[in-house]
6 protein chains.
Amino acid sequence: MTVLMQVINPNTSASMTDLIGVSARAAAGPGTEVVAVHPGMGPASIECHYDEALAVPGLLAQVAAGEAAGAAGHVIACFGDPGLDAARELAAGPVVGIAEAAMRTATHLGRRFGVVTTLARTTGRAWELATRYGVREQCATVRAVEIPVLELETDPAARSRIAAECADVVARDGCDAVVLGCAGMADLARELTARVGVPVVDGVAAAVVTVEGLVRLGLTTGKRGEYAPPVPKAYSGALARFGGGSPGVPQTV
Amino acid sequence: MTVLMQVINPNTSASMTDLIGVSARAAAGPGTEVVAVHPGMGPASIECHYDEALAVPGLLAQVAAGEAAGAAGHVIACFGDPGLDAARELAAGPVVGIAEAAMRTATHLGRRFGVVTTLARTTGRAWELATRYGVREQCATVRAVEIPVLELETDPAARSRIAAECADVVARDGCDAVVLGCAGMADLARELTARVGVPVVDGVAAAVVTVEGLVRLGLTTGKRGEYAPPVPKAYSGALARFGGGSPGVPQTV
Amino acid sequence: MTVLMQVINPNTSASMTDLIGVSARAAAGPGTEVVAVHPGMGPASIECHYDEALAVPGLLAQVAAGEAAGAAGHVIACFGDPGLDAARELAAGPVVGIAEAAMRTATHLGRRFGVVTTLARTTGRAWELATRYGVREQCATVRAVEIPVLELETDPAARSRIAAECADVVARDGCDAVVLGCAGMADLARELTARVGVPVVDGVAAAVVTVEGLVRLGLTTGKRGEYAPPVPKAYSGALARFGGGSPGVPQTV
Amino acid sequence: MTVLMQVINPNTSASMTDLIGVSARAAAGPGTEVVAVHPGMGPASIECHYDEALAVPGLLAQVAAGEAAGAAGHVIACFGDPGLDAARELAAGPVVGIAEAAMRTATHLGRRFGVVTTLARTTGRAWELATRYGVREQCATVRAVEIPVLELETDPAARSRIAAECADVVARDGCDAVVLGCAGMADLARELTARVGVPVVDGVAAAVVTVEGLVRLGLTTGKRGEYAPPVPKAYSGALARFGGGSPGVPQTV
Amino acid sequence: MTVLMQVINPNTSASMTDLIGVSARAAAGPGTEVVAVHPGMGPASIECHYDEALAVPGLLAQVAAGEAAGAAGHVIACFGDPGLDAARELAAGPVVGIAEAAMRTATHLGRRFGVVTTLARTTGRAWELATRYGVREQCATVRAVEIPVLELETDPAARSRIAAECADVVARDGCDAVVLGCAGMADLARELTARVGVPVVDGVAAAVVTVEGLVRLGLTTGKRGEYAPPVPKAYSGALARFGGGSPGVPQTV
Amino acid sequence: MTVLMQVINPNTSASMTDLIGVSARAAAGPGTEVVAVHPGMGPASIECHYDEALAVPGLLAQVAAGEAAGAAGHVIACFGDPGLDAARELAAGPVVGIAEAAMRTATHLGRRFGVVTTLARTTGRAWELATRYGVREQCATVRAVEIPVLELETDPAARSRIAAECADVVARDGCDAVVLGCAGMADLARELTARVGVPVVDGVAAAVVTVEGLVRLGLTTGKRGEYAPPVPKAYSGALARFGGGSPGVPQTV
């Protein structure tokens, strides 16, 4: 039986959704059908808290749409893990963010890891997530290559700058593994693992296999407390369609 | 010279905005003009992560509108402190959430405090914020009275149930202070302080005096790193108006 | 292509190895061949630090034997995760303990989980692991049913006592998920999930899907620092066969 | 109605008390009358634990004197926050130390801050307070300019060395704000904020607005447990006058 | 060669000093001469922060006097460890507080311990010290028997109430050891160890053997940074005698 | 009356056992007879997790043998503190590891210490122990001189490289004390203390005086919970002799 997994790129860049889809499908096992999508509203890329906050409504609409379409689980494919708690309330199936998946995967690979991400202004959020996910001590460093998200695909120097930063994470900080801090780097993990000499973890792949595992084991978000379905209530203005409906079946876009 | 302070109720309930406005004005000093507002879009009350996530776009529009109208600072008047980081990027002036203000205020009043909030499903978020704000050890307990936000005004038993829980926080957990975990309880703090015998902190009032202090001292969010203004970029769909514009002057609703 | 995964029961009880093997195979995907083994030396069950320490040499011999036999990864199927660091040095492929797998899996299912284990004297070790794996705050409680490991299979009351404790973890501690704290409980997870109403996580299954994921992504322990293969050196006495050999290919039993 | 606030310089240097008074009055709102005082006994400056310990009796006598004179609240204007807990027991009104006020204020201004203080031997105490106040993770660095407290006023190079260190805190540690770690730097905050480009927080001003806020909201130390008034008892020797009296009205000097 | 060790009771109660001296001498080895002293000024007992703060000047004078008299090391025999940092600056030899000694000793005896102390209002300080000494997780509970310090000797029910609380620490909190939270309980440890069935640690004895060990190994406070001798400077008022002198040889009382 | 203390070198190198014995005897008081031993089976040196795991069975046999021979307490003389929990279950008397003893001793000597050890691959374990023992914040740095354990005695440059690293720990990290991270450095502590100018702590000596103190005070591991004697059960294979026997009197080798 095929399992349907929805991988959501929370920004609205179609080419990045394609890249993420390729990586996700490469990670998925034979029984999993990956659908890579992006929201119909929101920012073209997510590079600050403002972008992240505004990506969430569209992301949640995609979660609801995916649930309606029979998705057994969801991946949120942005390293800030935007909207994760809200998506867990909304979805019947498991929801995993790529930062949590990547950081937790890295803890199985040694004592310490480092994160290599895009812009310095996002490193604070990465540290915040490391704290939330309980890996603050295992996370030795968070580095930025100062390449905007959408230029990862176009900047010819991107690959070598990322590789150089990964190598430095190992040499200077003595890390046993490296985590790539952006879904737009998903295609680089295998090449970098070979080049750097320690495992380099892509969160998209890590989240795909994590969700696959949860689905196979019949595990999903606990629904008896904090993560119960949102209570239906009035939503006004441009977001009115998000309210109402019966619990667990919110209105889709 | 009068200072304009914007107090934003992130839900769309006008009567709750009024109640918050009264409490905020009671807390403000003579030189401060308080404007209490709520967004034009979003949920009628915020009682879960989903509600919170969908309250943020409207909240951010209000921050932008307030900035354009000359507000020197902003209060986010919901105990989950929704959108705080994004609002700090957006605003030139300081932005303070009522949970951070209340929790930090409580730390000046003794060693340990407890939180009394509305619904049990929101206690996880309160603990998360206590961790983020560094007061996890000082926060001895988070209690819920199981009264929905909008029934705080209408339930005749609300006041006595909240008072009973506050008293128990002192008797059983040995707390030196109590924090009220909902903006809709803002009018109860002085009465409860007298009744319970330890200081009871309302976050709306605490945030108002915190923002007043920051404005008077000429202090605002540091803007050279993580909290720099959002970079203008394309936003699509129902949120298109949030994108573009020059840095620091995003489009208002 | 079939992937060979070795699941090691570190105690020497064959019936428990069988039970673990059944659970592991039920969790594994179609491309994985699970081999469930136990050491030729060591204690019949692991119920204290002494037992755990003395289970490790035999466990390490099994890791080496599995590596020689082409195992792509290993599961250590005892909730104390005995010998995990040493096994990671020894194996080329990934090694995952069932406590780390179960605890980390539980963090994807909500905010807080509880552990239900066998004997009270092992709860200290469970807390120690929760700290090491960074989930101390997420772990709300560790409970013991006071049933010795090998009586889990024979005590007719075992099932209902475990179920009662799981239910209490949800009711009293407000947990979103429960972790079963013994490999001997591996067969109970699905039934308990249905009965208790929140996800109940078996570490054997969680570790199997975790190792499968790591193998599929080509990720294994970082080998350039702490987890490099043990340097060959003289070992004396009953453990002499553990020394010598070339790095990465220690002598098997 | 005017509120009387006592700002206590715990050392016995009159010129430093004057400087602190000027800064405190500049921070205070229109309804606040600031009285800046220093003890009649103790060290001329506080630069180590020994100095700090011996400053406390005189400081407590000033707290008692201020209470008798009708002070509504107190600021302890030394960055080690000496005697804070004891003063909270003694005073009916709120008591705030400048380190706690400055550090907590800084947390409203971004994710990370750094401290610039006088002597390297005091940095251990600053870290200890950061831990106590729950901002250990937010505090990225504590730097010393190696200028003794009383030379801050006379050393012509002091200002530029402090500015250089503040700039480095931003450049090297990526801080969003800087905290000045000595009451003797109180007059520099506004100038440095302009020069360094991120908010620079003076603890004296931060504590003044914090106490003003607490007084306006009717909040003071919880008095039902740890911070109840000291029980009257015999004190002997040079400190005999500190004992006796009725609870809450200790003998003044 | 005999080693002179000074055990300082920081309150001014002679009978309690005698009791402490007896316990200290019982703990000391054959080569150690214990001198038990108390300050000439300060409170008759220490039961709150105010008492503690005012006990410190007299305590420091005793440290200086002991140094002049050739003491090789010092014990501060009050469970709040008052003046510890200042005493370490002042003394050439090691200084150990009974709370740190007792708590650290308890960590060698199992995983978790509980503290049984006198008054509930002092439990906050005990928790603060547990955090400072890094044993917050090992300290499972802090209990108060609500007997004032000086009544420990006279209250006929004291012994049985303390024993009952110790027993409950084991039964309810599963502690492996109990720490007595007051120097006035020093004579009870051996009896309680037998009665309760787990080790009961008296801080006076623990500190005596700790200081003996440090002296024998030639270890004392590091003096090149934070704990260098206080710089001589002017002290005024009743504490004038504390200032001046050459570094390391402050004026004694 | 003479107290018999067993100091166990967990590796099988006789010359290192001799060196440890000399240091231990130098640290012991007049009433203590030190017996320095090493296991009959296991690795010649301990330099990774694998070595450590395989040293434990022999170590435990020595603990049992020492108990049978009347040892009042035990020191585990390897900086990884291998087998500590198991040994505490097995022994009636106290058991102390040299890492816990050294780290805790260092906390009495100032605010921060650094560790200087042998190989970089062991630093992860040192950090893990610092966390377990609650001194993560006090431990400023862990450095490796990259000299294998058994070359400490033979490498003519060892002494000066260790001294240089200790000096750098003070100069660069501002530490008040240094901890030597290997039992093979036990003879260097006094010389280095003089050379470096801050106390340098050898764990063997620190553990000897710690155990002496515990024995003198009649304190030993709490035996009513986690550390109760191992329950007798079947052990198979080369470790069969470790099983059986009555609780508290396991079979010796």
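Residues numbered from 1 in each chain as written. Chains lettered and ligands numbered in written order. Predicted model: local features only at pLDDT ≥ 70, side-chain atom pairs only at ≥ 80, totals over all residues. Heavy atoms only, no water.

What follows deals with the overall build of chain A. Along chain A, the regular secondary structure elements total 8 helices and 10 strands. For a compact globule of 253 residues, the expected C-alpha radius of gyration is about 18 Å, and chain A comes in at 18 Å, within 12% of that figure. Counting only C-alpha atoms, chain A reaches 55 × 35 × 30 Å along its principal axes. Burial statistics for chain A: of 253 residues in total, 67% are counted as buried. Considering only contacts in chain A between residues 6 or more positions apart, those separated by 24 or more positions represent 69%. (Helix = DSSP H or I, 4+ residues; strand = E, 2+ residues; numbered from the N terminus. Rg over C-alpha atoms; globule rule 2.2 N^0.38 Å. Buried < 20%, exposed > 50% of the residue type's maximum accessible area, 1.4 Å probe, protein only. Contact = heavy atoms within 4.5 Å.)

Residue-level contacts link 44 residues of chain C with 43 residues of chain F. Summed over both partners, the interface of chain C with chain F buries about 3500 Å², with 57% contributed by carbon and sulfur atoms. Counting the surface chain C buries against chain F, the share from its top three residues, His49, Tyr50 and Arg121 of chain C, is 21%. Counting the contacts that link chain C with chain F gives 8 salt bridges. Where lysine 233 of chain F meets glutamate 47 of chain C, a salt bridge forms, and the shortest distance between an N and an O atom there is 2.8 Å. At the junction of chain C with chain F, the criterion picks out 30 residue pairs in polar contact (both at pLDDT 80 or more). Elements with a contribution of two residues or more to the side of chain C that touches chain F: strand E3 (42-43), helix H2 (49-68), helix H3 (84-90), helix H5 (123-132) and strand E10 (235-236) of chain C. For the side of chain C that touches chain F, the residue count by class is 24 nonpolar, 9 polar and 11 charged. (Buried area = accessible area lost by both parts, 1.4 Å probe. Salt bridge = Lys/Arg side-chain N within 4 Å of Asp/Glu carboxyl O. Polar contact = N/O pair within 3.5 Å; in protein donor to acceptor, adjacent residues only side chain to side chain. Nonpolar A, V, L, I, M, F, W, Y, C, P; charged D, E, K, R; others polar.)

Here chain C sits on chain F after a turn of 180° about the axis and a move of 0.0 Å along it, with an RMSD of 0.0 Å. When the rotation and shift are considered jointly, the pair of chain copies conforms to a two-fold rotation axis. Among all residues of chain C, the minimum C-alpha distance to the rotation axis is found for alanine 238 of chain C, at 3.3 Å. An overlap of 98% is found between the interface residues of chain C and their copies at the interface of chain F, pointing to a shared contact surface. (Least-squares fit on C-alpha atoms with pLDDT ≥ 70 in both.)

Here the focus is the sheet that holds strand E9 (residues 200-202) of chain D. Residue and element names in this part refer to chain D. Pairing in this open sheet of 4 strands is parallel, and the strands run E7-E6-E8-E9 from one edge to the other. Edge positions in the open sheet fall to strand E7 (139-144) and E9, since each of these has one partner strand only. Looking at each pair of strands side by side, their axes are set apart by 25° on average, direction ignored. Of the strand pairs in this sheet, strand E6 (residues 113-117) and E7 are connected by 5 bridges, and their pairing is parallel. Its bridge partner being in E7, threonine 117 is matched across the sheet by alanine 144. Sitting on the sheet, helix H6 (residues 158-173) touches E6, E7 and strand E8 (177-180), and the angle it makes with E7 is about 150°. (Pairing = 2+ DSSP bridges. Axes fitted to C-alpha atoms, helices over the stretch in contact; angles between N-to-C directions.)

In this fold, alanine 234 of chain F is placed in the loop between helix H8 (203-216) and strand E10 (235-236). Taking the C-alpha atoms as reference points, alanine 234 of chain F and glutamate 89 of chain F, 145 residues apart in sequence, are found 17 Å from one another. The residues touching alanine 234 of chain F, leaving out its near neighbours within four places in the chain, are Gly42, Pro43 and Ala44 of chain C.

A few words now on the confidence of the model for chain A. Residue-level pLDDT values for chain A average 94, and 96% of them are 70 or greater. Per-residue pLDDT stays below 50 along residues 246-253 of chain A; that stretch engages in 18 contacts with residues further than four places along the chain or on separate chains. (pLDDT = per-residue confidence, 0-100.)

Residues and elements named next belong to chain A. When cut into domains, chain A gives domain 1 (3-98 + 206-242) and domain 2 (99-202). Relative to domain 2, the C-alpha centre of domain 1 lies at a distance of 22 Å. On the side of domain 2, 29 residues touch domain 1, which itself brings 28 residues to the contact. Summed over both sides, the interface of domain 1 with domain 2 buries roughly 2100 Å², with 58% coming from carbon and sulfur. Area buried by domain 1 at its contact with domain 2 is led by Leu19, Glu47 and Phe79, which between them contribute 34% of it. One can count 3 salt bridges joining domain 1 with domain 2. With a shortest N-O distance of 3.3 Å, arginine 125 and glutamate 52 are connected by a salt bridge. Where domain 1 packs against domain 2, one counts 14 residue pairs in polar contact (both at pLDDT 80 or more). Breaking the side of domain 1 that touches domain 2 down by element, the ones donating at least two residues are helix H1 (14-27), helix H2 (49-68), helix H3 (84-90), strand E5 (95-97) and helix H8 (203-217). Counting residues per element, the side of domain 1 that touches domain 2 draws most heavily on H1, at 5 residues. When grouped by side-chain class, the residues that make up the side of domain 1 that touches domain 2 number 15 nonpolar, 8 polar and 5 charged. (Domains from an automatic or database assignment.)

This next bit is on helix H1 (residues 14-27) of chain F. Residues lying three or four places apart along an α-helix face the same way, a consequence of the helix completing one turn every 3.6 residues. Over its 14 residues, H1 of chain F runs 20 Å from end to end, which matches the ideal 20 Å to within 8%, given 1.5 Å per residue. Residues of H1 of chain F that are buried sit in contact with helix H8 (203-216) of chain E together with strand E1 (3-8), strand E2 (32-37), strand E9 (200-202) and H8 of chain F. (Expected span 1.5 Å × (residues − 1).)

Turning next to unusual backbone geometry. Residues and elements named next belong to chain C. Of note, aspartate 81 is a non-glycine position whose phi angle comes to about 50°, a positive value. With respect to the helices and strands, the residue aspartate 81 is situated in the loop between strand E4 (73-76) and H3. With relative accessibility at 3%, the residue aspartate 81 sits in the buried group.

Let us look at the sheet that holds strand E4 (residues 73-76) of chain E. Residues and elements named next belong to chain E. An order of E2-E1-E4-E5 is seen for the 4 strands of this open sheet, with the pairing classed as parallel. The strands lining the two open edges of the sheet, one partner per strand, are strand E2 (32-37) and strand E5 (95-97). Each strand of the sheet is rotated relative to its neighbour by a mean of 20°, with strand direction disregarded. Looking at chain direction, E4 and E5 are connected through 3 bridges and run parallel. Within E5, the residue paired with isoleucine 76 across the bridge is glycine 97. Strands in contact with helix H1 (residues 14-27) are strand E1 (3-8) and E2; relative to E2, the strand with the most contacts, it is inclined by about 165°. Where helix H4 (residues 98-107) meets the sheet, its contacts fall on E4 and E5, and the angle it forms with E5 comes to roughly 70°.

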